[in-house]
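Below, each chain spelled out in residue letters.
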Amino acid sequence: METTLVYDGTFDGFLTCVFMAYEMKLKAVSIVKEKHFQEPMFGNWDLVNTEPDKANRVWAGLKKKMSANELQRFYYAFLSEKPTVENTIYQAILYVFQSKNNVASDFGNVHILQLSKLTKNVSREKHRMEAFVRFKLTKDGIYFANIEPDFNVLPLIKRHFEKRYADQKWLIYDLSRKYGIYYNLESVELISLELDRNFDPSKTSTEFFAPIELEFQQLWQDYFKSTNIKSRKNMKLHIQHVPKRYWKYLSEKQ
Amino acid sequence: MSFQRVQEKLNILADAAKYDVSCSSSGSNRTNKNKGLGDASASGICHTYTEDGRCVSLLKILLTNHCIFDCAYCVTRKSNDIKRAAFKVQEVVDLTMNFYRRNYIEGLFLSSGIFKSADYTMERLVAVAKKLRLEENFNGYIHLKSIPGASDELMREAGLYADRLSVNIEIPTEKGLKLLAPDKNRADFIKPMEKVKNEIIQYKSEKKIIRSTPKYAPAGQSTQMIVGASGENDMQIMYTSNYFYKNFNLKRVYYSGYVPISYDTRLPQIGTPVPMLRENRLYQTDWLLRFYGFNIEEILNEQNQSLDLDIDPKLGWALRNMHEFPVDINKADKRMLARIPGLGMKSVFKILNARRYRQLNWDHLKAIGVAFNRAQYFMVCASNQFEKRDLTPEKIKGLILQNSKSKYTSMLSNQLNLFG
Ligand code: SF4
């Protein structure tokens, strides 16, 4: 009979479930986030408490079986937040632990292939966010950007921004997941915000932003226009590179 | 910084710089230091794309569009009746810093018309880069144009602050250059290129001994050629390109389809379509040379002086060399795998990886992303379904074009649209 393991939605929580499934020698397992959980008609279910120790043991076990790059795929895929992603990763982990050799790049295995596809999607979104974040200078001197990525990529883009914007305070806020990463000139912290009722993330109102901000946005828009070559216009290619759903962040597309 | 003045200059000087197609910001190893701004080591990001689908990675501007020369193919030429403008050094610095802080760009690509003299111009370009590095602690990407004829001392200094340097050859043959840019000669382009090449070699060898040797143009140098302005065929273009790759260790050669900007009778007239498909075929050839292990003579030679427009150059090569095929996916070496039409280098690596575990059949190959339509005529795998007919190259080409009609016709008709 299938057992459903329910966890808090964190990566550690998920890995704890993997540990439990292994330890309890469960045959058929389904792992779901608490917020998606509905009590099954048949089968058992169990609420798993996140235990970092157990999570770390699973992670260390995986690490021994593959390269750092391959290991990273498991985390990336997890951040896709796709409804059945836990089961895909779980099956891939089983396959890895059951095999003698390193099979993390055996794309002939459906679970490994599926995992690598999810990873590719998440990774593409990560790169898009690194490119499409547009900071706007607030009145109190913070470079602020809001995003609504398809996947939960804030944990993945943190390092990239930390490495390059070392001399300015900045904040990237995920409007749909309601949390952000804030760099205070020393380190990056996770924060959640109480956004002002008047705040419209698609506008640059002088109520919140520095007056000079509007000037630079204007210069950037002008630049975007001037650098275009009309006789080469190719909107199909343009939209393929910058899908319309991202336009709302981009000051040059306003 | 006066907003209005800068705005006007930016419009003029970005517009004049846009014909330089290079916008690459990759290949540097400059990291953030002393908590400054920027990091060029992870660059290569396109922050947006123009409406013509080109990557915008750098703030690409001219320092000035005043020029003492009169190159026929260039909007900035002396005899052209246009608005002229010139940035102050500080204005370029401020724009770069502020655009970078907002995550608009990876850095600056600064070029210029030649005012007064080559050295006078080069000195100003160097001054911008120096200020960004030393006063602003800017670690983003900087690409400077090497001004033809600039002195060795200035080129030496330029490389200390810039990640990349480039001189555009623009016209692939000397004959064409004489006709269209009578003030210029090859030797003037070659001089700064040669200096930069030697400095890079020296930097690399010193670096091995003394770790703290200051960086010198870590992203190397590149050049650009205009395609379709002076009647050269593809063979002339690619042989010139190959010559510069080999002799100056260039990182990249860019090919820029000529955009008609003048009624000069020496040039294609205004309204002539930009040869975008031809440009694309040249880039594909360039990739075959750099990443797929092809020699230029295999693709272009006395018998084949032009690339096919309707099929890609790798497929063209395969059709002329049917005796090399079919290739066995499960046995062939990397070199031959890379030569199968429809297989990119990524697929090649995936195949090499995956076949360690099992014999690959069509399903595996499809999952890996092999372009079945082209590849099927040139390969066999662990399946007894393969092309058994003895097809002529013409027949194969016909079948492939038939099945990929939408893609090719849209590209070809894209060209035609431009007549309208
Ligand atoms: S020297 Fe350069 S800027 Fe001046 S006309 Fe010739 S190509 Fe244009």
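Residues numbered from 1 in each chain as written. Chains lettered and ligands numbered in written order. Predicted model: local features only at pLDDT ≥ 70, side-chain atom pairs only at ≥ 80, totals over all residues. Heavy atoms only, no water.

Going by what an unreviewed UniProt entry lists, chain B is known as Putative DNA modification/repair radical SAM protein and is assigned to Algibacter lectus. The heading Cofactor (unreviewed entry) in the UniProt record of chain B holds the text "[4Fe-4S] cluster". (UniProt positions renumbered as here; feature names shortened; annotations may be inferred.)

Chain A has the name Putative DNA metabolism protein in an unreviewed UniProt entry, where Algibacter lectus is given as its organism.

Asker: Please clarify how the overall build of chain A should be interpreted in this entry.
Answerer: Of regular secondary structure, chain A possesses eight helices and eight strands. The dimensions of chain A, computed from C-alpha atoms along their principal axes, are 65 × 45 × 40 Å. Here chain A displays about 12900 Å² of accessible surface, and carbon together with sulfur accounts for 51% of that area. Chain A carries 38 positive and 31 negative side-chain charges, and their two centres are separated by 9 Å. (Helix = DSSP H or I, 4+ residues; strand = E, 2+ residues; numbered from the N terminus. Areas by Shrake-Rupley, 256 points an atom, 1.4 Å probe, with all protein chains shown as cover. Lys, Arg positive; Asp, Glu negative; His and termini not counted. Charge placed at Lys NZ, Arg CZ, Asp CG, Glu CD.)

Asker: So what exactly am I meant to see when it comes to the site of the ligand here?
Answerer: Every residue near the ligand is listed here: B:C67, B:F69, B:C71, B:C74, B:T76, B:R77, B:G113, B:I114 and B:K184. Residue composition of the shell around the ligand, grouped by class: five nonpolar, two polar and two charged. (Near = heavy atom within 4 Å. Nonpolar A, V, L, I, M, F, W, Y, C, P; charged D, E, K, R; others polar.)

Asker: Help me out: how do you make sense of the packing of helix α1 (residues 11-23) of chain A against helix α4 (residues 85-98) of chain A in this one?
Answerer: Between two packed helices, what matters for the description is the angle formed by their axes and the separation of those axes. Residue and element names in this part refer to chain A. Contact geometry for α1 and α4: axes closest at 11 Å, N-to-C directions at 50 degrees. When the axis of α1 is compared with that of α4, the two are oblique. For the pair α1 and α4, the sense of crossing is right-handed. Taken together, the residues of α4 that come into contact with α1 (itself represented by F14, V18, A21 and Y22) are E86, I89, Y90, I93, L94 and F97. (Axes fitted to C-alpha atoms, helices over the stretch in contact; angles between N-to-C directions. Parallel < 35°, antiparallel > 145°, perpendicular 65-115°, else oblique. Left-handed = near helix turned anticlockwise from the far one by under 90°. Contact = heavy atoms within 4.5 Å.)

Asker: How do you make sense of the confidence of the model for chain B when you look at a structure like this?
Answerer: Parts of the model with low pLDDT should not have their predicted coordinates read in detail. Residues and elements named next belong to chain B. Averaged over every residue, the pLDDT of chain B is 89; the share at 70 or more is 96%. Segment residues 406-420: pLDDT under 50, and 22 contacts once partners within four positions in sequence are set aside and those in other chains are kept. Both scores are available for the predicted complex, with the pTM at 0.88 and the ipTM at 0.90. (pLDDT = per-residue confidence, 0-100.)

Asker: Could you clarify how one ought to interpret the interface of chain B and chain A in this entry?
Answerer: One widely used convention gives an interface's size as the accessible area the parts lose upon coming together. Facing the 56 residues of chain B at the interface are 55 residues of chain A. Both faces considered, chain B and chain A share a buried interface measuring about 5000 Å² in area, 54% of it formed by carbon and sulfur atoms. Considering only the side of chain B, the residues that lose the most area to chain A are B:E51, B:R102 and B:Y104, jointly responsible for 15% of the buried surface there. Two residues, A:R164 and B:E106, come together in a salt bridge whose shortest N-O distance is 2.8 Å. (Buried area = accessible area lost by both parts, 1.4 Å probe. Salt bridge = Lys/Arg side-chain N within 4 Å of Asp/Glu carboxyl O.)

Asker: I would appreciate a short explanation of the domain arrangement of chain B in the present structure.
Answerer: Segmentation of chain B into domains returns domain 1 (3-265) and domain 2 (313-418). Put simply, the middle of domain 1 of chain B and the middle of domain 2 of chain B, counted by C-alpha atoms, are 38 Å apart. (Domains from an automatic or database assignment.)

Asker: Help me understand the sheet that holds strand β3 (residues 44-47) of chain A, please; the structure alone is not making it clear to me.
Answerer: Strand pairs in the sheet, formed through backbone hydrogen bonds, run parallel or antiparallel to each other. Residues and elements named next belong to chain A. If you trace the three strands from one edge of the open sheet to the other, you get β2-β1-β3, paired in parallel fashion. Each edge of the sheet is formed by a strand with only one pairing partner; in this case those strands are β2 (29-33) and β3. Here the strands of the sheet are splayed against their neighbours by 20 degrees on average, with no regard to which way each runs. Of the strand pairs in this sheet, strand β1 (residues 3-7) and β3 are connected by four bridges, and their pairing is parallel. Residue pairing across strands places L5 opposite D46, the latter belonging to β3. (Pairing = 2+ DSSP bridges.)

Asker: Just checking my understanding: could you explain the UniProt feature "domain: DUF4130" (unreviewed entry) in chain A for this structure?
Answerer: According to UniProt, the feature "domain: DUF4130" (unreviewed entry) maps to residues 84-252 of chain A in the numbering used here. Annotated as residues 84-252 of chain A, this span is 42% helix and 12% strand, and its ends, taken at the C-alpha atoms, are 37 Å apart.

Asker: Just to check I follow, could you spell out helix α7 (residues 211-226) of chain A for this structure?
Answerer: Across its 16 residues, α7(A) extends 24 Å between first and last C-alpha, which sits within 8% of the 22 Å expected from 1.5 Å per residue. Listed as buried for α7(A) are A:E213, A:F216, A:Q217, A:L219, A:W220, A:Q221, A:D222, A:Y223, A:F224 and A:S226. (Expected span 1.5 Å × (residues − 1). Buried < 20%, exposed > 50% of the residue type's maximum accessible area, 1.4 Å probe, protein only.)

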